[in-house]
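Notes for the structure review
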Amino acid sequence: GMTLGPDGQLYVGSFLSHEVLRFDGETGEFIDAFVVENTGGIRYPYTLLFGPNNNLYVGHQSSIVLQFDGDSGHFMDHFAAISTSEDSNVTFWVIAFGPDGLLYAYDNSSSIVHRFHGRTGDRLDSFITLENGNLNGPFGIAFAPDGALFVTGFLWNNLIRVAPSGAINTRFFRCCTNWPRSPFDIVFDDRNRVYVSSFEQDKVVRFDALTGAMLDEYIIPGSGGLDGASGMVISEDGFLYVGSIFTDEILRYDLESGEFIDVFVEAESGGLDAPHGVHFGPDGHLYVGSYFTDSILRFHKDTGEFINAFVTEGSGGLDAPQDHVFGPDGNLYVTSLFTSEVLEYNGINGNFVGAFVDVNEGGLDGPRGLAFGSDNLLYVSSFDTDQVLRFTGPSEKRSTSAEEYIESAYTLSSNFPNPFSASTRISYSLEQSTQVELLVFDTMGRQVDVLVSAYQSAGSHTISYIPDNLPSGLYFYRLQTTDFVETKQMMVVR
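Residues numbered from 1 in each chain as written. Predicted model: local features only at pLDDT ≥ 70, side-chain atom pairs only at ≥ 80, totals over all residues. Heavy atoms only, no water.

It is worth spelling out the overall build of the protein chain at this point. Along its length, the protein chain carries zero helices and 42 strands. For the protein chain, long-range pairs separated by at least 24 residues make up 43% of all intrachain contacts whose partners lie at least 6 apart in sequence. Surface exposure of the protein chain reaches about 20,600 Å², of which carbon and sulfur atoms provide 48%. (Helix = DSSP H or I, 4+ residues; strand = E, 2+ residues; numbered from the N terminus. Contact = heavy atoms within 4.5 Å. Areas by Shrake-Rupley, 256 points an atom, 1.4 Å probe, with all protein chains shown as cover.)

In structure tokens, the structure reads:
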């Protein structure tokens, strides 16, 4: 590594001699060994940078970031470190000061970036970056029932599993010659099986989500006319729906056997052009991203007939929608590929709310897949930077506009007790008599229970909920009327 110093001279790490050399910034002539061999325990210096205090910081083959005096080169201290008792394989090859003044150190052994206080060197936290060597071209992203994050690597044909602890496993999936090439999307069923669509091979492969072993070539190449397998979703009644990019269709398959059932959404229905994200909405209907028309189309859940353009062409600047998801607040979030944003739309009428993630925020470049975690944060795959970025999620309660929601008299309270085992109570109030739906969804967005579906009078209401058929886990309950929608979380513990 090398860097220009505040004095205009060039500083170069000498990898094999374990020192930092200084050269004239104009002529290139050697000046001196600014940091002499092995000073401060320097070993194979890789990244050099001058910090905000004009001192020199060195990332090298160690779990320690070294600090040297910026004028003399004298060793000052072990500025930032991870105890080797925690992880003896930590190696901080790459370091950088962020615009927030914090020091970021990349651990080559785990592909985790650790963050340190910029003045004291105290370790603050760590966060995941799926960099080169692990993932190339992150595309599909989904959370497993156990909370693990799974990501498809489109360019290197790989699949990554990130445990809830943050540990990355690049060899979790095991396969053979049937390995899916150009993996596009990834979904889970309720039997811990993971389905991966292969864009290049026009097929879907199924794995065991617990062991990583391949189970079968679930949908054989080209079955039902599948051409360019893209987004997928599983319905409550036991079907897998798959986008076929080059035929502009949504195909339906039997979830157990993988046999082709029918063309659920006909070619170009509603103007569908290159379907990408495929998801069921809170209203039960199918929402499909139309890549070339820059819109999100809605189709009837039972017949596949076109209902409307839920998000109209180019609304909010939408340009090449890649994926979409309904958030815990009931609104729709869409990745806009060519503007490098995540856009937010009203979950009831599809009206544009605003840019939830601004252009290139956090380094986002070429956003593809997105998913909300159980921590209520939004995870987005950044295709062009080989990362999965994490953003603060929507607030638990938020009105998108005064015209769309009524805040004063419509309320949904947190359930009590929470977490719960046998039963819990949910209270809500209505400003006026209206049709009410109170529904329960799992973390994959599937409706799992109906608590209320009736016309109710204005005032306060309380129901007791006994989730007899729900396993332990996180769930969302959603109250919706013609004028109001709100979603909250509850935890079932068996």
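Below, the discussion takes up the layout of surface pockets. Volume-wise, the second largest pocket comes out at about 300 Å³. Lining the second largest pocket are 15 residues, with S235, E236, F280, G284 and K301 positioned closest to its centre. Per-class residue counts for the lining of the second largest pocket are four nonpolar, five polar and six charged. (1 Å grid on protein atoms, 1.4 Å probe; cavity = no way out; pocket = protein on both sides within 12 Å on 5 of 7 lines; lining within 4 Å. Points joined across faces, edges and corners; volume = space filled by probe spheres on them. Nonpolar A, V, L, I, M, F, W, Y, C, P; charged D, E, K, R; others polar.)

Before going further, it helps to examine unusual backbone geometry. Peptide bonds are trans in most cases, and residues, glycine excluded, mostly fall at negative phi. Along the chain, F416 connects to P417 via a cis peptide bond; the corresponding omega equals -5°. Put simply, N418 and P419 share a cis peptide bond, and its omega is 5°. Checked against the element boundaries, P419 lands in the loop between β36 (411–412) and β37 (424–430). Of note, the phi angle at A274 is positive, near 65°, even though the residue is not glycine. Within the element layout of this structure, A274 appears in the loop between β24 (260–265) and β25 (275–280).

Any pair of aromatic rings gets described here by the distance separating the centres and the angle formed by the planes. Taken as a whole, this structure holds 23 aromatic pairs when the rule is applied. Measuring from centroid to centroid gives 5.3 Å for Y333 and F372, while their planes differ by 75°, and the two rings are edge-to-face. Placement of the pair is Y333 in strand β30 (residues 332–336) and F372 in strand β33 (residues 367–372), with a sequence separation of 39 residues. Each member of the pair, Y333 together with F372, is buried. An aromatic cluster of three or more residues is present, and its members are Y11, F34 and F50. In this structure, R252 is placed above the aromatic ring of F239, and the distance from its NZ or CZ to the ring centre is 4.9 Å. Between R368 and the ring centre of F383, over which it is positioned, the NZ or CZ distance is 4.2 Å. (Phe/Tyr/Trp six-rings, centres within 6.5 Å; stacked < 30°, edge-to-face > 60°. Buried < 20%, exposed > 50% of the residue type's maximum accessible area, 1.4 Å probe, protein only. Lys NZ or Arg CZ within 6 Å of the ring centre and 35° of its normal.)

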